[in-house]
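Residues per chain are reported as follows:
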Amino acid sequence: MDITSNKQPFDISHLQLREIQAPIAVCLIKEFAKSIGFDKALEIATAAIQSDALLAGKSMAEKLGSNTLKDMARLVREVWSKDVAMTVKFLEETDRNLSFNVTRCGYAELYQNMGILEFGYCLSCCRDEPFIQGLNPQIHLFRTQTIMQGAPICDFRYELG
């Protein structure tokens with residue numbers, strides 16, 4: 001099964017998809033912020049993006065016909081990292097645990113280059129936990145830091161249980 005394909009009639013990477021989505025999302029957040037304040041606008045946008053990520057996880061589980069940590073590792077390699085979008089160092093891959101560090105994040109670089117890094121966590125990183133919950137509610141993500149928020153790495157620790 002080709003997990004890299006989008007439903008669009010053209011082939012773009014996950015990073016390119018975020019590049020297309022970001023300007024419109026940021027524009028909306030900024031406009032809403034004028035009426036309801038920045039923090040509230042960002043909170044609402046984050047909730048909407050997380051809802052979308054939950055649905056995306058459910059959809060991916062259906063598309064794959066499976067929802068294991070092996071599937072998640074494959075998604076990291078073939079979708080999230082496509083076109084060298086991230087440099088990932090895998091630390092552990094078992095049936096119950098998936099651990100890896102992102103040592104270079106093209107998503108953070110993209111948002112930095114676009115001048116919208118302060119929106120990056122909302123646009124990308126906040127998707128990770130609800131995505132895995134949609135893929136498999138028995139898998140939990142533990143992460144203490146992200147490059148998007150200024151850390152040297154993103155520490156992804158998934159655990160089945």
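All values reported here derive from a predicted model rather than from experimental measurement. (Residues numbered from 1 in each chain as written. Predicted model: local features only at pLDDT ≥ 70, side-chain atom pairs only at ≥ 80, totals over all residues. Heavy atoms only, no water.)

Caption draft 1: Seen up close, the overall build of the protein. On a plain count of helices and strands, the protein comes out with six helices and four strands. Sequence-ordered secondary structure for the protein, helices as α and strands as β, is α-α-α-β-β-α-α-α-β-β. Against the 2.2 N^0.38 benchmark of 15 Å for 161 residues, the protein shows a C-alpha radius of gyration of 16 Å, consistent with a compact globule. For the protein, with 161 residues in total, the buried portion stands at 43%. Of all intrachain contacts in the protein linking residues separated by at least 6 positions in sequence, the fraction that spans at least 24 positions is 61%. Carbon together with sulfur atoms contributes 55% to the accessible area of the protein, which is approximately 8,700 Å² in total. (Helix = DSSP H or I, 4+ residues; strand = E, 2+ residues; numbered from the N terminus. Rg over C-alpha atoms; globule rule 2.2 N^0.38 Å. Buried < 20%, exposed > 50% of the residue type's maximum accessible area, 1.4 Å probe, protein only. Contact = heavy atoms within 4.5 Å. Areas by Shrake-Rupley, 256 points an atom, 1.4 Å probe, with all protein chains shown as cover.)

Caption draft 2: Focus on the packing of helix H1 (residues 14-36) against helix H2 (residues 38-64). Put simply, H1 and H2 touch, their axes get as near as 7 Å, and they point 130° apart. On the basis of their axis angle, the class for H1 and H2 is oblique. As for how H1 packs across H2, the hand of that crossing is right-handed. Residues Ile29, Phe32, Ala33 and Ile36 of H1 lie in contact with H2, whose contacting residues are Phe38, Lys40, Ala41, Leu42, Ile44 and Ala45. (Axes fitted to C-alpha atoms, helices over the stretch in contact; angles between N-to-C directions. Parallel < 35°, antiparallel > 145°, perpendicular 65-115°, else oblique. Left-handed = near helix turned anticlockwise from the far one by under 90°.)

Caption draft 3: Structural view of the sheet that holds strand E4 (residues 154-160). Sheet architecture is open: four strands sit in the order E1-E2-E4-E3, paired in antiparallel fashion. In this open sheet, the two strands that pair with only one neighbour each are strand E1 (86-93) and strand E3 (139-142). Taken pair by pair, the neighbouring strands of this sheet meet at an average axis angle of 20°, ignoring direction. Direction of pairing for strand E2 (residues 97-105) relative to E4: antiparallel, over a ladder of six bridges. By the bridge assignment, Val102 is partnered in E4 with Cys154. Sheet strands touched by helix H3 (residues 69-80): E1, E2, E3 and E4. Its angle to E1, the strand with the most contacts, is close to 165°. Taken strand by strand, helix H6 (residues 128-135) contacts E3 and E4, and its axis lies near 165° from that of E3. (Pairing = 2+ DSSP bridges.)

Caption draft 4: Focus on the packing of aromatic side chains. One pass over the full model with this rule turns up seven aromatic pairs. Residues Trp80 and Phe156 carry aromatic rings whose centres are separated by 6.3 Å and whose planes lie at 50° to one another, so their mutual orientation is tilted. With Trp80 in helix H3 and Phe156 in strand E4, this residue pair connects regions lying 76 residues apart in the sequence. Neither Trp80 nor Phe156 differs from the other in exposure class; each is buried. Ring centres of Phe156 and Tyr158 lie 6.1 Å apart, and the angle between their planes is 25°; on these two criteria the pair is classed as stacked. The exposure class of Phe156 is buried, given its relative accessible area of 4%. Its relative accessible area of 1% is what places Tyr158 among the buried residues. (Phe/Tyr/Trp six-rings, centres within 6.5 Å; stacked < 30°, edge-to-face > 60°.)

Caption draft 5: The packing of H1 against helix H4 (residues 106-114), seen in detail. Closest axis-to-axis distance for the H1/H4 pair is 10 Å, and the angle between their directions is 30°. Remark: the crossing between H1 and H4 carries right-handed chirality. Contacts between H1 and H4 pair His14, Leu15, Arg18, Glu19, Ala22 and Pro23 from the former with Gly106, Tyr107, Leu110, Tyr111 and Met114 from the latter. Within the contact of H1 with H4, the residues separate by chemical class into seven nonpolar, two polar and two charged. (Nonpolar A, V, L, I, M, F, W, Y, C, P; charged D, E, K, R; others polar.)

Caption draft 6: Representation of the side chain of Asn101. Mapped onto the elements, Asn101 comes out in strand E2. We classify Asn101 as buried; its relative accessible area is 13%. Polar side-chain contacts of Asn101 include one of 3.0 Å to the side chain of Arg157. (Polar contact = N/O pair within 3.5 Å; in protein donor to acceptor, adjacent residues only side chain to side chain.)

Any link to function would need more than the numbers given here.
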